[in-house]
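Structural overview for review
Each chain, written out:
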Amino acid sequence: MSLTLKPDELAALLRRQIASADRPVETAEVGAVLSVGDGIARVDGLSGVMYCERLEASDGTAGLALNLEEETVGVAILDETVRVREGDLFRRTGKIVSVPVGPALRGRVVDALGRPVDGAGPIASDQTLPVEAGAPSIIERQNVHEPLQTGITAIDALTPIGRGQRELIIGDRKTGKTTLVVDTILNQLETGVHCFYVAIGQKLSTVAGLHRLLSERGAMAYTTIVTASASVPAPLQYLAPYAGCAMAEYWRDRGEHALVIYDDLTKHAQAYRQLSLLLRRPPGREAFPGDIFYLHSRLLERAAKLSSGRGGGSLTALPIVETQANDISAYIPTNVISITDGQIFLDPALFHSGQRPAINPGISVSRVGGDAQVKAMKRTAGPLRVQLAQYRELAAFARFSTDLDAASTRQLAAGRRLMELLRQGPGQPLTVAQQVAMLFAGTKHHLDKVPDSRIGAFVLALGEAIKNGDAGRAYASAFRAQPAMTPEIEALLEKLLGEVAPPFQAAG
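Conventions and cut-offs
- Residue positions are given per chain, counting from 1 as you read along its sequence in written order.
- Note on the predicted model: pLDDT of at least 70 is required for a residue's local features to be given, and 80 or more for side-chain atom pairs to be given and counted; whole-chain, interface and lining totals, by contrast, use all residues.
- Side-chain numbers here rest on the full set of heavy atoms in the structure, without hydrogens or water.
- Per the convention used, a helix needs a DSSP run of H or I reaching at least four residues, while a strand needs a run of E reaching at least two, with both numbered from the N terminus.
- Note on exposure labels: buried denotes an accessible area under 20% of the residue type's maximum, exposed denotes more than 50%, and partly exposed covers the range between, all computed with a 1.4 Å probe on protein chains only.
- Each accessible area value is a Shrake-Rupley result obtained with a 1.4 Å probe; residue values ignore everything except the protein chains displayed when judging cover.
- We call two residues in contact whenever any of their non-hydrogen atoms come within 4.5 Å of each other.
- Multiplying 1.5 Å by the helix residue count minus one yields the expected span of that helix.
- The directions from the helix axis to the C-beta atoms form the arc being described.

1. Topic: the overall build of the protein
When its secondary structure is counted, the protein shows 16 helices and 17 strands. Its C-alpha atoms give the protein principal-axis dimensions of about 125 × 55 × 40 Å. Burial analysis of the protein (508 residues in total) assigns 51% to the buried set. Carbon and sulfur atoms make up 53% of the accessible area of the protein, which amounts to about 23400 Å² in all.

And the structure:
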């Protein structure tokens, strides 16, 4: 039986064959898993793979290429390790591990790969950035000169933080480190700063509590939480801070301002140590790998205040490091101290004595200094550090002597009042106008007759007067117009304090 084709049918068949002949051949470089254990797979056959490239198994399991050896590749598995077995195939994606960025992340809780974990649906973003990126060059930067107000008087007055700065928060466990950064996030409510909180190795209940607090205070509208809890694989804990930094860089590179908090880099270093030992990299001091310094320096150097030619945006970093028994000379603390632009040290002794925030002004420092303060704060808080240092020295001496002259007694009383002024409860950030008024009252002897026990009530009354009183509103209005200690501002402050302070002064 013969098949007869009509001329038009034959022409259509030939056209289809010619069209399909030009299709490119799709190829994929794949490698087979030789062995797998403790979250690390050794893969053979990926000769062209890049460092930090994302790999995918046939079932969608993600992997991270970390060790590029002569014969094999060491791959850190980013999902459940039980799904990967010997003989499974990993294919190259040709892309560095990237995360989604942009406005769609505001108010969301995501993991280190940018996948949502808050049950609020997928992330509606078509833009991604690689988690590893180079730091801006010197030419692309400018000096830090804009304050990033934390709302915490002890920080804004003594160790000010500027937009684009890297300020370390360091202290023992349970001394209020996370409370400081949460208050800082709350204080960015109307500043236009995009906040990113990276939780590394924390309990899920802790992250859930933080999310609830920020939601209740309206802060999740401008905040993203990146979580790599203690229950997730070490590779995700390793990636989390770089992912949070990439998300924040999106805003920095568009001329806006971002704040990223790494809580904490001690657990981050421990996760990287675990990875490195499993990858059979040679251990060094405290079993950390030799590139442990580079681990944090390449992360923190990405924080910067960009030049006007690059849009003038900023990325501020607040890394947290946990110490053991106040030992700031340990390996990881000294590394991070040498990278950052200053440190805020939380003293357990101050914390347990009731001085909270428990900031030790003696060894806390900001290398940006007054450049990150408005003129009024710079002038008012200028003598504060010296006065507190003299108070601490005299208080230490007074412990061994009860016979003090009148001048020393007055100096001790003034120092105690200043320490009381610096007390601040959690979740109660103050405006700059309130902080300047408080410190002006303390340094200009308006509180000399106010008992220490009533300083807290005075601060509350002062804040209420600034919000609702006629003299307070006049001062606040003048301060917003020109935040400098002009004769007009001083006169308004004198009038305000003349109304607020007398009810709290002791009789006689």
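2. A few points about the environment of Pro-333
Within the fold, Pro-333 resides in helix H8 (residues 331–339). With relative accessibility at 5%, the residue Pro-333 sits in the buried group. Taking the C-alpha atoms as reference points, Pro-333 and Leu-265, 68 residues apart in sequence, are found 9.2 Å from one another. Leave out the neighbours within four places in its chain, and Pro-333 touches Ile-170, Val-321, Thr-323, Asp-327 and Ile-328.

3. Quick notes on unusual backbone geometry
Here the bond from Asp-263 into Asp-264 is cis, since omega is 0°, no more than 30 degrees from zero. Across the junction of Arg-356 and Pro-357, the peptide omega takes the value 5°, indicating a cis bond. When you line up the elements, Pro-357 lands in the loop between helix H9 (348–352) and strand E17 (365–366). In this structure, Cys-52 is a non-glycine residue whose phi angle is positive, near 70°. Mapped onto the secondary structure, Cys-52 falls in the loop between strand E2 (40–44) and strand E3 (53–57). With a relative accessible area of 2%, Cys-52 lands in the buried category.

4. A closer look at helix H11 (residues 384–398)
With 15 residues, H11 extends 21 Å between its outermost C-alpha atoms, agreeing within 8% with the 21 Å of an ideal straight helix rising 1.5 Å per residue. Taken residue by residue, H11 has Leu-384, Leu-388, Tyr-391, Leu-394 and Ala-398 as its buried positions. Projection of H11 onto a plane perpendicular to its axis shows the buried side chains occupying an angular sector of 130°, all on one side. In this fold, the buried residues of H11 make contact with helix H2 (153–158), helix H10 (375–381), helix H12 (406–421) and helix H13 (432–443).

5. Description of helix H14 (residues 455–468)
Residues spaced three or four apart along an α-helix face the same direction, because each turn holds 3.6 residues. End to end, H14 covers 20 Å across 14 residues, agreeing with the expected 20 Å (1.5 Å per residue, within 8%). Here H14 has its buried residues at Ile-455, Phe-458, Val-459, Leu-462, Gly-463, Ala-465 and Ile-466. Looking straight down H14, one finds its buried side chains confined to an arc of 160°; they lie on one side. Facing away from the buried side of H14 by over 90 degrees, the exposed positions are Leu-460 and Lys-467.

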